[in-house]
Amino acid sequence: MSEIEAKIEDLVPEWMYLPDISEQWGVRVTEVRDLVKNGGLIAVRRGPNKSLQVPAAFIDGPGLVKHLSGTLTVLRDCGYNDAEILEWLFTEDPSLPGSPIQALQENRGTEVKRRAQAMLI
């Protein structure tokens, strides 16, 4: 396990399998896979079977946490890879307060996207 993979394991407390997400959303698992493939969601291969899993914090009932996809796009535009994005989203930021993913869950997406866009400069 790489250093960044170990850090992500420490930062992300709970994960969901793609079939569980599709069941929760009432869609086919291929639709969830397409969302990952198109960059609207991040999935990581983990566990003994190296199955694709998504941080549970990204899922809000019947869909994604509001503003998550837009934030992912901004961070990718900044040159971040998926592991770096996960690290940024789940790392505590005292000025928020909390982590960016917590702020997104609390519908404070404008502030999170503003911080992400500031990294473009």
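Quantities reported herein were computed from a predicted structural model and do not represent experimental measurements. (Residues numbered from 1 in each chain as written. Predicted model: local features only at pLDDT ≥ 70, side-chain atom pairs only at ≥ 80, totals over all residues. Heavy atoms only, no water.)

1. Some points on the UniProt feature "domain: Rv2175c C-terminal" (unreviewed entry) in the protein
Stated formally: UniProt positions are given in the numbering used here, feature names are shortened, and annotations may be inferred rather than shown by experiment. Helix and strand definitions here come from DSSP, where helices need a minimum of 4 consecutive H or I residues and strands a minimum of 2 consecutive E residues; each element is numbered from the N-terminal end.
Within this numbering scheme, the UniProt entry marks residues 65–119 as carrying the feature "domain: Rv2175c C-terminal" (unreviewed entry). For the annotated span residues 65–119, helix accounts for 64% and strand for 0% of the residues, and the straight-line distance between the end C-alpha atoms is 22 Å.

2. Some words on the nonpolar core
Keep this limit in mind: Residues belong to a common nonpolar core when they are buried Ala, Val, Leu, Ile, Met, Phe, Trp, Tyr or Cys residues joined through side-chain atoms within 4.5 Å. Partly exposed residues are those whose accessible area sits between 20% and 50% of the maximum for their type, while under 20% is buried and over 50% is exposed, using a 1.4 Å probe and protein chains only. Whether two residues are in contact is decided by their heavy atoms: any pair within 4.5 Å suffices.
Residues Phe58, Leu68 and Leu89 are the most contacted members of the largest nonpolar core, which totals 34 residues. When residues of this core are traced back to their parent elements, those giving at least two are strand 1 (15–17), helix 2 (18–25), helix 3 (29–37), strand 3 (51–55), helix 4 (68–77), helix 5 (82–90), helix 6 (100–105) and helix 7 (109–118). Take this core: its biggest share by element is 5 residues, from helix 5. Discounting residues that sit within four places of it in the chain, leucine 89 has contacts with Phe58, Leu68, Thr71, Leu72, Leu75, Ser99, Pro100, Ile101 and Leu104.

3. Brief notes about the pattern of salt bridges
Spelled out, the test is: By convention in these notes, a salt bridge is any Lys or Arg side-chain nitrogen within 4 Å of a carboxyl oxygen on Asp or Glu.
Per the stated rule, a full pass over the model turns up 7 salt bridges. Among the ionic pairs, arginine 114 bridges to glutamate 111, the shortest N-O distance being 2.5 Å. Of this pair, arginine 114 and glutamate 111 both sit in helix 7, 3 residues apart, roughly one helical turn. A residue is classified by how much of its surface remains accessible, and glutamate 111, at 27% relative accessible area, is partly exposed. Shared partners join several salt bridges into a network, and the residues in it are Asp93, Glu111, Arg114 and Arg115.

4. Overview of the UniProt feature "domain: DNA-binding protein Rv2175c wHTH" (unreviewed entry) in the protein
On the UniProt side, "domain: DNA-binding protein Rv2175c wHTH" (unreviewed entry) is annotated at positions that read residues 14–59 here. Helix makes up 37% of residues 14–59 and strand makes up 26%, while its end C-alpha atoms are separated by 11 Å.

5. Some thoughts on the packing of helix 2 against helix 3
Heads up, the condition is: Working convention: axes come from line fits to C-alpha atoms, limited for helices to the stretch in contact. Angles between N-to-C directions cover 0 to 180 degrees. Each angle gets one of four labels, with under 35 degrees taken as roughly parallel, over 145 as roughly antiparallel, 65 to 115 as roughly perpendicular, and the rest as oblique. Crossings are sorted by hand: turned counterclockwise from the far helix by less than a right angle, the near helix makes the crossing left-handed, and turned clockwise it makes it right-handed.
One can describe the packing of helix 2 onto helix 3 by two numbers: an axis separation of 8 Å at closest approach and a directional angle of 115°. Between helix 2 and helix 3, the angle is such that the two are roughly perpendicular. Taken as a pair, helix 2 and helix 3 cross one another with a handedness that is right-handed. Counting all contacts with helix 2, which are made through Leu18, Pro19, Ile21, Ser22 and Trp25, the residues of helix 3 involved are Val29, Val32, Arg33, Leu35 and Val36.

6. As for the packing of aromatic side chains
The test is simple: Pairing of aromatic rings covers Phe, Tyr and the six-membered ring of Trp, with a centre-to-centre limit of 6.5 Å; geometry is then stacked below 30 degrees between planes, edge-to-face above 60, and tilted otherwise.
Considering all chains together, one arrives at 1 aromatic pair under this definition. Between phenylalanine 58 and phenylalanine 90, the aromatic rings sit 5.8 Å apart at their centres with planes inclined by 35°, giving tilted as the arrangement. Taken together, the positions of phenylalanine 58 in the loop between strand 3 and strand 4 (59–60) and phenylalanine 90 in helix 5 put the pair 32 residues apart, joining distant regions of the chain. With relative accessibility at 0%, the residue phenylalanine 58 sits in the buried group.

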